[in-house]
Amino acid sequence: MSFRTLSLEALRSFVAICETGSFRRAASRVHKSPSAVSLQIAKLEEVLDTRLMDRDARHVELTEDGSTLLARARHLLGINDETIALFQKSQVTGRLALAAPHDLGVSLVPGFLRHLAGVYPDLQVDVRLGTTDFIKTELKAGSVNLGLFNDISPEGDGATTLYAEPLAWLSLKGGRAVHQNPLPLAVAEVRCTWREAALGALHAADRHYRVAYSSDTSMGQVAAVRADLAIAALPISLADRDLSEAPSDMMLPPLPKAFVQVADDGSELAKVCVAVLVEGSRSQTPFAAE
């Protein structure tokens, strides 16, 4: 059996096509001509002996094998970039203060920190978890350099949207709370965007509910749902083997998307880290596979 080697440059072009949806835009990103990118994809398909994408004048669509390759390509490129960084003198040093809500402290921040440490090993990061009001206050006071937020609007005040995911009514699998009337809810603090979205949707649907559990963190809401005390409107990424979307026959009203945003203090150090976050957010589940 002859040994075959994948070209990292071709994989980078392949990922760029997937993220931009266009050979032309991908070529601009990787600083090659569209014809050179086309040749790279043809060579990838030859090495892998499969068709990776179908395209016409307007659209590029991944095949099943192309979707499989995308995740692996991102992983291989990440290893490549982190390995090169290990042998280069980091130009980014200092201490960064990052504030985030508790749910992102569990889902997003650990992977981001691992990636950041691989790219900028001399950078030190302090993490503070708290409510949205706490994060905004700390950022305004100059106590933190970066602040992560959840919002139901894609346009935050001076913030950059990283990605969006659906809010969902989460309940304990096989639990009784979702079948109660009035509907028992676990909610976060007043002015929480998820709380406002949940109560607004129930009011609009004229659905009876009661606040059965209140917490200043989303992890408190998750604990209440896991104990079958209530259901909660939370990002779908918080579903797990115990928590799932409420049964469709309960006819709960639809919820908006949750937008994850980042704001910074304007420092060069913060801008560098925002760039890493934005780059990571181009994947469907940012940093999840790190």
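Conventions and cut-offs
Residues numbered from 1 in each chain as written. Predicted model: local features only at pLDDT ≥ 70, side-chain atom pairs only at ≥ 80, totals over all residues. Heavy atoms only, no water. Helix = DSSP H or I, 4+ residues; strand = E, 2+ residues; numbered from the N terminus. Buried < 20%, exposed > 50% of the residue type's maximum accessible area, 1.4 Å probe, protein only. Contact = heavy atoms within 4.5 Å. Areas by Shrake-Rupley, 256 points an atom, 1.4 Å probe, with all protein chains shown as cover. Lys, Arg positive; Asp, Glu negative; His and termini not counted. Charge placed at Lys NZ, Arg CZ, Asp CG, Glu CD. Phe/Tyr/Trp six-rings, centres within 6.5 Å; stacked < 30°, edge-to-face > 60°. Lys NZ or Arg CZ within 6 Å of the ring centre and 35° of its normal. Axes fitted to C-alpha atoms, helices over the stretch in contact; angles between N-to-C directions. Parallel < 35°, antiparallel > 145°, perpendicular 65-115°, else oblique. Left-handed = near helix turned anticlockwise from the far one by under 90°. Nonpolar A, V, L, I, M, F, W, Y, C, P; charged D, E, K, R; others polar. Core = buried A, V, L, I, M, F, W, Y, C linked by side-chain atoms within 4.5 Å. Patch = residues over 30% accessible without salt bridge, like charges linked within 9 Å, V, L, I, M, F, W, Y side chains within 5 Å. Salt bridge = Lys/Arg side-chain N within 4 Å of Asp/Glu carboxyl O. Expected span 1.5 Å × (residues − 1).

Next up on the list: the overall build of the protein. A count of helical and extended segments in the protein gives ten helices and eleven strands. Taken along the three principal axes of its C-alpha coordinates, the protein extends 65 × 45 × 35 Å. The 290 residues of the protein split such that 44% are buried. In the protein, 75% of the contacts between residues at least 6 apart in sequence involve partners at least 24 apart. As displayed, the protein has an accessible area near 15700 Å², and 52% of this comes from carbon and sulfur atoms. In the protein, the 29 positive side-chain charges and the 35 negative ones have mean positions that sit 2 Å from each other.

Moving on, we come to the packing of aromatic side chains. Following the criterion strictly, the structure yields zero aromatic pairs and no others. One residue, Arg55, lies across the ring of Phe23, its end atom 3.8 Å from the ring centre. Positioned above the aromatic ring of Phe149, the side-chain terminus of Lys136 is 5.8 Å from the ring centre.

Take the environment of Leu123 next. Considering the arrangement of structural elements, one finds Leu123 in strand E4 (residues 123–129). Under the relative-accessibility criterion, Leu123 is labelled buried at 10%. With 103 residues separating them along the chain, Leu123 and Arg226 place their C-alpha atoms 37 Å apart. In this view, Leu123 contacts Val92, Thr93, Gly94, Arg95, Leu96, Leu116, Leu269 and Cys273; residues no more than four positions away in its chain are not counted.

Here the focus is the packing of helix H1 (residues 8–20) against helix H2 (residues 23–30). Put simply, H1 and H2 touch, their axes get as near as 8 Å, and they point 130° apart. Here H1 is positioned oblique relative to H2, judged by the angle of their axes. Viewed along their axes, H1 and H2 form a crossing whose handedness is right-handed. Every residue of H2 that contacts H1 at Arg12, Ser13, Ala16, Ile17, Glu19 and Thr20 is listed here: Phe23, Arg25, Ala26, Arg29 and Val30. A class-by-class count of the residues in the contact of H1 with H2 yields five nonpolar, two polar and four charged.

A pair of packed helices is characterised by two quantities: the angle between their axes and the separation of those axes. The geometry of H1 relative to helix H3 (residues 34–48) is characterised by a closest axis approach of 9 Å and an angle of 110° between their N-to-C directions. Between H1 and H3, the crossing angle belongs to the class labelled roughly perpendicular. From H1, Glu9, Ala10, Leu11, Ser13, Phe14 and Ile17 reach across to H3, where they touch Val37, Gln40, Ile41 and Leu44. Classifying every residue of the contact of H1 with H3 gives seven nonpolar, two polar and one charged.

Grouped burial of nonpolar side chains is what soluble globular proteins tend to show. The biggest cluster of nonpolar side chains holds 32 residues, and the ones touching the most others in it are Trp169, Leu185, Ile231, Leu234 and Leu252. Going through the elements one at a time, strand E6 (160–172), strand E7 (183–187), helix H8 (193–204), helix H9 (218–226) and strand E9 (232–235) are the ones with two or more residues in this core. Counting residues per element, this core draws most heavily on H8, which supplies six residues. Excluding anything up to four places from it in sequence, Leu234 contacts Pro166, Leu167, Ala168, Leu170, Trp194, Ser218, Gln221 and Val222. Ala100, Leu108, Tyr163 and Val274 belong to the second largest nonpolar core, which has 23 residues in total.

Here we come to a nonpolar patch on the surface. Among the surface-exposed residues, Leu6, Leu8, Leu48, Leu76 and Ile79 lie close enough to one another that they form a single nonpolar patch of about 340 Å² accessible area. Mapped onto the elements of the fold, Leu48 is located in helix H3. Owing to a relative accessible area of 33%, Leu48 belongs among the partly exposed residues under this scheme.

A few words now on unusual backbone geometry. Only a minority of non-glycine residues have a phi that is not negative, and only a minority of peptide bonds are not trans. In this model, Asn181 is joined to Pro182 through a cis peptide bond whose omega is 5°. Positive phi, close to 55°, is recorded for Met251, a residue that is not glycine.

On to H3, then. Over its 15 residues, H3 runs 21 Å from end to end, which matches the ideal 21 Å to within 8%, given 1.5 Å per residue. Buried residues along H3 sit against H1, H2 and strand E1 (53–55).

The values reported here are purely geometric and, on their own, carry no functional implication.
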